[in-house]
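# Structural features, examined
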Amino acid sequence: MEQKPKTVSPISNEGRNAYVAEHLTAALLELLKEKQLADISISELCDGAGVGRTSFYRNFETKEDILKGYIERLFHGWMDMWNNNPGLPLDKGVYNVFSHFEANREFYALLNERGQVYLMKDIILELCGFNPDQDPIPAYSSAYVAFFLYGWIEVWFRRGMRETAELSALLRERGN
C-alpha cells in the first residue's frame, strides 16, 4: 500500500493562534452586545468564532482573558504613542488619553455596560511599570499613577463619557 504524503498547514502555530484570538475576540464582542459575559457559554463563543473548544483552551483560560488581551492591544497602541513622545506636557497627554477613549468609545461603553471595566486595572498597573518586587518608592509611585489613571477612567465612564478630547483642548487653550 502506497503512503500519501502528509500535508502540513501553511499557517504557523503563531498564525493559527492569532487567527483564533482574532475570531474569538470578534465573536465575544458581538455576543456581549446581546448578553452579560457570564451568560455566554464557551460553546456558544466557539460556534460564533468558527473555532473548536480546544482552540479556545489552547489560547485562553477564561472569557475574561479574551477581553484583557483586547484591552491590552488597545492600550499598547496608546502607550506606544506616549512612550514615543518623552517630555509630552501633561495637557497634551490628557488630550491623547481622551482621544484614545473617544476612538474606541463603542468598545469601552460596552465594557462599562457589561460591568467589565475592572479588567483594565491590572493592565494599567503593568503599563505604568508596577512590579510587586520593586523597592517601595518605585512600586508605590507606579501604583499611584496607575490607580489615578484607572480612577479617572472609571469616573469618566460613570459620568457617561461626556468629556471629549475637544474639551481638554479648550481647557488647555484657556490655561485651566
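This text gives an overview of the structure that appears in the document. (Residues numbered from 1 in each chain as written. Predicted model: local features only at pLDDT ≥ 70, side-chain atom pairs only at ≥ 80, totals over all residues. Heavy atoms only, no water.)

## Focus on helix 8 (residues 136-158)
To keep it simple, the criterion reads: Only runs of H or I of at least four residues qualify as helices and only runs of E of at least two qualify as strands under DSSP, and these elements are numbered from the N terminus. Every helix has an expected span of 1.5 Å times one less than the residues it contains. Three labels apply to residues, based on accessible area from a 1.4 Å probe with only protein chains included: buried if under 20% of the type maximum, exposed if over 50%, partly exposed otherwise in between.
In this model helix 8 runs 32 Å from its N-terminal to its C-terminal C-alpha over 23 residues, within 8% of the 33 Å that 1.5 Å per residue would give. Of the positions making up helix 8, those classed as buried are A139, S142, A143, A146, L149, Y150, I153, W156 and F157. Positive phi shows up at G160, right after helix 8, with a value of about 85°.

## What to know about the packing of helix 7 (residues 120-127) against helix 8
Here is the rule: Axis angles are defined between N-to-C directions and span 0 to 180 degrees, where every axis is a line fitted to C-alpha atoms and, for a helix, only to the segment in contact. Our angle categories are set so that under 35 degrees counts as roughly parallel, over 145 as roughly antiparallel, 65 to 115 as roughly perpendicular, and the remainder as oblique. The sense of a crossing depends on the near helix, which, turned anticlockwise from the far helix by less than a right angle, makes the crossing left-handed and, turned clockwise, makes it right-handed. Contacts were defined at the residue level, with two residues in contact if any of their heavy atoms lie within 4.5 Å. Three residue categories are used. Nonpolar comprises Ala, Val, Leu, Ile, Met, Phe, Trp, Tyr, Cys and Pro, charged comprises Asp, Glu, Lys and Arg, and polar comprises the others, including Gly.
Relative to each other, helix 7 and helix 8 sit at 140°, their axes nearing to 8 Å. Taken together, helix 7 and helix 8 sit at an angle that is classed as oblique. Helix 7 and helix 8 meet at a crossing whose hand is right-handed. The segment helix 7 lies against helix 8, with M120, K121, I124 and L125 engaging A143, A146, F147, L149, Y150, I153 and F157. Along the lines of polarity and charge, the residues of the contact of helix 7 with helix 8 split into 10 nonpolar, no polar and one charged.

## Let's talk about unusual backbone geometry
In this model, M161 sits at a positive phi of 55°, which is unusual for a non-glycine residue. Tracing the chain through its elements places M161 in the loop between helix 8 and helix 9 (165-174).

## Points about the pattern of salt bridges
Pairing of side chains with opposite charge becomes possible as their charged atoms draw close. Counted only if it meets this: Criterion for a salt bridge: a side-chain nitrogen of Lys or Arg within 4 Å of a carboxyl oxygen of Asp or Glu.
By the definition in use, this model includes six salt bridges. Linking E113 and R114 is a salt bridge whose minimum nitrogen-to-oxygen distance equals 3.8 Å. The class for E113 is exposed, based on a relative accessible area of 53%. You can call R114 buried: its relative accessible area is 12%. With its nearest N and O atoms 3.4 Å apart, the salt bridge here joins D122 to K121. By relative accessible area, K121 is classed as partly exposed at 30%. What you see here is one network of salt bridges that share partners, running through E30, K33 and E106.

## Quick word on the nonpolar core
Worth spelling out the cut-off: Working definition of a nonpolar core: buried Ala, Val, Leu, Ile, Met, Phe, Trp, Tyr and Cys residues. They are joined through side-chain atoms within 4.5 Å.
L24, F75 and M120 are the most contacted members of the largest nonpolar core, which has 46 residues in total. Looking at this core, the elements that each hand over two or more residues are helix 1 (13-32), helix 2 (42-49), helix 4 (63-83), helix 5 (90-103), helix 6 (105-113), helix 7 and helix 8. Here this core takes eight residues from helix 1, the largest share from any one element. Among residues more than four places away in sequence, those in contact with F75 are H100, F101, Y108, M120, I123, I124 and L127.

## Details of the side chain of R114
Structurally, R114 is set in the loop between helix 6 and helix 7. Discounting residues that sit within four places of it in the chain, R114 has contacts with L32, K33, E34, K35 and Q36.

## Remarks on the packing of helix 1 against helix 4
Orientation of helix 1 relative to helix 4, taken along the N-to-C sense of each, is 105°, at an axis distance of 10 Å. With respect to each other, helix 1 and helix 4 are oriented roughly perpendicular. Listed contacts from helix 4 to L24, T25, L28, L29 and L32 of helix 1 are K63, I66, L67, Y70 and R73. Residues of the contact of helix 1 with helix 4, tallied by class, amount to seven nonpolar, one polar and two charged.

## A closer look at the packing of aromatic side chains
For any pair of aromatic rings, geometry is given as the distance between the ring centres together with the angle between the planes. Just so we agree on the cut-off: To pair, rings of Phe, Tyr and Trp, with the six-membered ring standing in for Trp, must have centres within 6.5 Å; the planes then decide the type, stacked if under 30 degrees apart, edge-to-face if over 60, and tilted in the middle.
For the structure shown, the criterion picks out 12 aromatic pairs. Both rings, one in Y108 and one in F157, keep their centres 6.2 Å apart while their planes meet at 35°; by these two values the pair is tilted. Of this pair, Y108 sits in helix 6 while F157 sits in helix 8; the two residues are 49 residues apart in sequence, bridging distant segments of the chain. You can call Y108 buried: its relative accessible area is 0%. Taken together, Y70, F75, F101, F107, Y108, W152, W156 and F157 form an aromatic cluster joined through their ring pairs.

Geometric values such as these leave the question of function open.
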